[in-house]
Amino acid sequence: MKIGDFVEWGDQRNYPGLCGIVTKAGGPVSGSDASPEIFVHWLNFPKDYMVGEGWEKIKDVKLLSAGDSK
């Protein structure tokens with residue numbers, strides 16, 4: 001995934017409508033689960049989800065549309 005991609009949270013059962021734009025790529029890889037991370041600015045999220053942005057593991061999100069390649 002790259003900057004500008006529009007993504008949604010992979011588990012829509014728990015957080016329906018959670019989607020946002022990737023604003024940074026190649027984030028920290030921590031712990032034993034060495035999945036690369038991206039920084040997502042969440043644009044649309046459920047009322048009980050209190051985080052507006054943050055580092056997320058690529059495996060936990062789904063690409064909805066690719067950003068502009070320019």
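The coordinates are above.
Reading the values: rules and limits
Residues numbered from 1 in each chain as written. Predicted model: local features only at pLDDT ≥ 70, side-chain atom pairs only at ≥ 80, totals over all residues. Heavy atoms only, no water. Helix = DSSP H or I, 4+ residues; strand = E, 2+ residues; numbered from the N terminus. Buried < 20%, exposed > 50% of the residue type's maximum accessible area, 1.4 Å probe, protein only. Contact = heavy atoms within 4.5 Å. Areas by Shrake-Rupley, 256 points an atom, 1.4 Å probe, with all protein chains shown as cover. Salt bridge = Lys/Arg side-chain N within 4 Å of Asp/Glu carboxyl O.

Colleague: When you look at the overall build of the chain in this model, what are you seeing that I'm missing?
Modeller: Along the chain, the regular secondary structure elements total zero helices and five strands. The linear arrangement of helices and strands in the chain, starting from the amino end, is β-β-β-β-β. Expressed as a percentage of the 70 residues in the chain, the buried residues total 31%. Sequence-distant contacts, at least 24 apart, represent 41% of the contacts inside the chain between residues at least 6 apart. Element-wise, carbon and sulfur atoms account for 55% of the exposed surface of the chain, whose accessible area totals about 4500 Å².

Colleague: Honestly, the pattern of salt bridges in this entry has me stumped. Any pointers?
Modeller: When their charged atoms lie close together, side chains carrying opposite charge are able to pair. Considering all chains together, one arrives at five salt bridges under this definition. For Lys2, the salt bridge is made with Asp5, and the minimal N-O distance between the two is 3.1 Å. Judged by its relative accessible area of 35%, Lys2 is partly exposed. For Asp5, a relative accessible area of 3% corresponds to the buried category.

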